[in-house]
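Commentary on secondary and tertiary structure
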Amino acid sequence: MREDLTWLEPLSPKEIIEDELVKKHKIEKFYPLYSGGQDSGCIVDFCFRNYPEYTENAVFTCTGIGSPITRKFAINYMNEMGRKLELTWSRKPYYDIVMNTGFPSAGAHRIIMGYLKFQSWYYYLKPKLKKGEKACFISGVRKKESMVRDKIKFYSKKPIDVNATLTFCKPFLYKNGSQLQEYFIKNGVKKSPAYDFFGKSGECWCGCFYNEWELKMLEKEDPFVFNTIKWLENQVQLNGTKEAKKHPHWGRSVGADISKQQTTMSEFEINEDYCGESCVVE
């Protein structure tokens, strides 16, 4: 019996990249999305190791509510690897979102993800595509990352997607946790220290899928983020809109549903699939 279970993968990572992405989609440039976590670390390593001629740099998304521990780690780790890391920034600050609508609920995740991440990716790649660059983002998302991604919602159905003219490729889509861990150890991949505390990369603490106990963990392990959240809660109660004051607390099971703002994101086909380890969609 095969121990590595690779026979269970409909397509291997190399088949996804070489047969699907390069040959069928004619992609010539890869930009792996890096969050500082284990999954994205493995996919960045995989691209740099196997496709250096296609992979110029990794892309780290600054959400405005991420851990400085993780951002610092990502920059230093890419320097250690001798690779470039480019930072993208949210075009709509997290502060403005919570001051207008309050802290988000899980139901608002798609829109929050659109503001904090997807828009920044769109405007990062758009000028490159306009110049004729045949480029795509590489994501470390896997079907087996959570039951929701695998079974319940419309996540991770295929290894290559095109959203709002952007191409996203998920080479490790079919790998299970054991296979990923094997790759992580075998190739000496590193992950953010935040991962040891929280089991996630920590590059986004938007609050959509978080609970009160995690705030206590932040108070102990990442006081900068904790103090930022408490300051934001105070600002919402003092200066937020009437709607925002209905949802003045971070990480509660009930929060603001800002799906009504979806019209402001009409030019994008937001897919939560790429949010990755920082928000393990549940």
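Our structure is the block above this text.
The structure reproduced in this document is the subject of the present report. (Residues numbered from 1 in each chain as written. Predicted model: local features only at pLDDT ≥ 70, side-chain atom pairs only at ≥ 80, totals over all residues. Heavy atoms only, no water.)

The biggest cluster of nonpolar side chains holds 30 residues, and the ones touching the most others in it are Leu21, Phe30, Tyr34, Met78 and Ile138. Looking at this core, the elements with two or more residues in it are α1 (13–24), β1 (29–34), α2 (38–50), β2 (57–62), α3 (68–81), β4 (135–138) and α7 (177–186). Looking at this core, the element that brings in the most residues is α2, giving six residues. (Core = buried A, V, L, I, M, F, W, Y, C linked by side-chain atoms within 4.5 Å. Buried < 20%, exposed > 50% of the residue type's maximum accessible area, 1.4 Å probe, protein only. Helix = DSSP H or I, 4+ residues; strand = E, 2+ residues; numbered from the N terminus.)

Below, the discussion takes up unusual backbone geometry. The phi angle at Lys26 is positive, at roughly 60 degrees, despite the residue not being glycine. Of note, Lys26 is situated in the loop between α1 and β1. In this structure Lys26 comes out as exposed when scored by relative accessible area, which is 51%.

Okay, the packing of helix α4 (residues 94–101) against helix α10 (residues 223–239) next. For any two helices packed against each other, one specifies the inter-axial angle together with the distance between the axes. Across the interface, α4 lies against α10 with an axial gap of 9 Å and an inter-helix angle of 40 degrees. As far as their axial angle goes, α10 and α4 are oblique. For α4 against α10, the interelement crossing comes out right-handed. Across the interface between the two elements, Tyr94, Tyr95, Val98 and Met99 of α4 pack against Trp231, Leu232, Gln235, Val236 and Asn239 of α10. (Axes fitted to C-alpha atoms, helices over the stretch in contact; angles between N-to-C directions. Parallel < 35°, antiparallel > 145°, perpendicular 65-115°, else oblique. Left-handed = near helix turned anticlockwise from the far one by under 90°. Contact = heavy atoms within 4.5 Å.)

Within the open sheet, the six strands sit side by side as β3-β2-β1-β4-β6-β5. Their pairing is mixed. Looking along the sheet, the strands with just one partner apiece sit at the ends: β3 (84–89) and β5 (160–163). Direction aside, the axes of adjacent strands within the sheet are offset by 30 degrees on average. Note: β1 against β4, four bridges, orientation parallel. Along β4, the bridge assignment pairs Tyr31 with Phe137. (Pairing = 2+ DSSP bridges.)

To continue, consider the environment of Lys200. Note that Lys200 resides in the loop between α8 (193–198) and α9 (212–221). Residue classification places Lys200 among the buried residues on the basis of a relative accessible area of 10%. A C-alpha to C-alpha distance of 8.2 Å links Lys200 and Gln38, two positions 162 residues apart in sequence.

Taken N-terminus to C-terminus, the directions of α9 and α10 make an angle of 125 degrees; their axes are 6 Å apart at the nearest point. Relative to α10, α9 is oriented oblique. The residues of α10 that touch α9, namely those facing Leu215, Leu218, Glu219, Lys220 and Glu221, are Pro223, Val225, Phe226, Ile229 and Lys230. Broken down by class, the residue content of the contact of α9 with α10 amounts to six nonpolar, no polar and four charged. (Nonpolar A, V, L, I, M, F, W, Y, C, P; charged D, E, K, R; others polar.)

Attention shifts here to the pairing of β5. Pairing of β5 with strand β6 (residues 166–169), which is carried by four bridges, proceeds in the antiparallel orientation. By the bridge assignment, Ile160 is partnered in β6 with Cys169.

As enumerated under the stated definition, the model contains twelve salt bridges in all. Residue Asp45 is joined to Arg49 by a salt bridge in which the shortest nitrogen-to-oxygen separation is 3.0 Å. You can see Asp45 and its partner Arg49 sitting in helix α2, four residues apart, about one turn around the helix. Assessed through its relative accessible area of 7%, Asp45 is described here as buried. One salt bridge in this structure joins Lys230 and Glu233, with 2.9 Å as the shortest N-O distance. Of this pair, Lys230 and Glu233 are both found in helix α10, three residues apart, which corresponds to roughly one turn of the helix. Given the relative accessible area of 36%, Lys230 is considered partly exposed. Of the residues examined, Glu233 reaches a relative accessible area of 5% and is grouped as buried. (Salt bridge = Lys/Arg side-chain N within 4 Å of Asp/Glu carboxyl O.)

With that settled, the discussion passes to the side chain of Ser192. Relative to the assigned elements, Ser192 resides in the loop between α7 and α8. What Ser192 contacts, discounting residues up to four positions off in sequence, is Gly36, Ile69, Thr70, Phe73 and Ser201.

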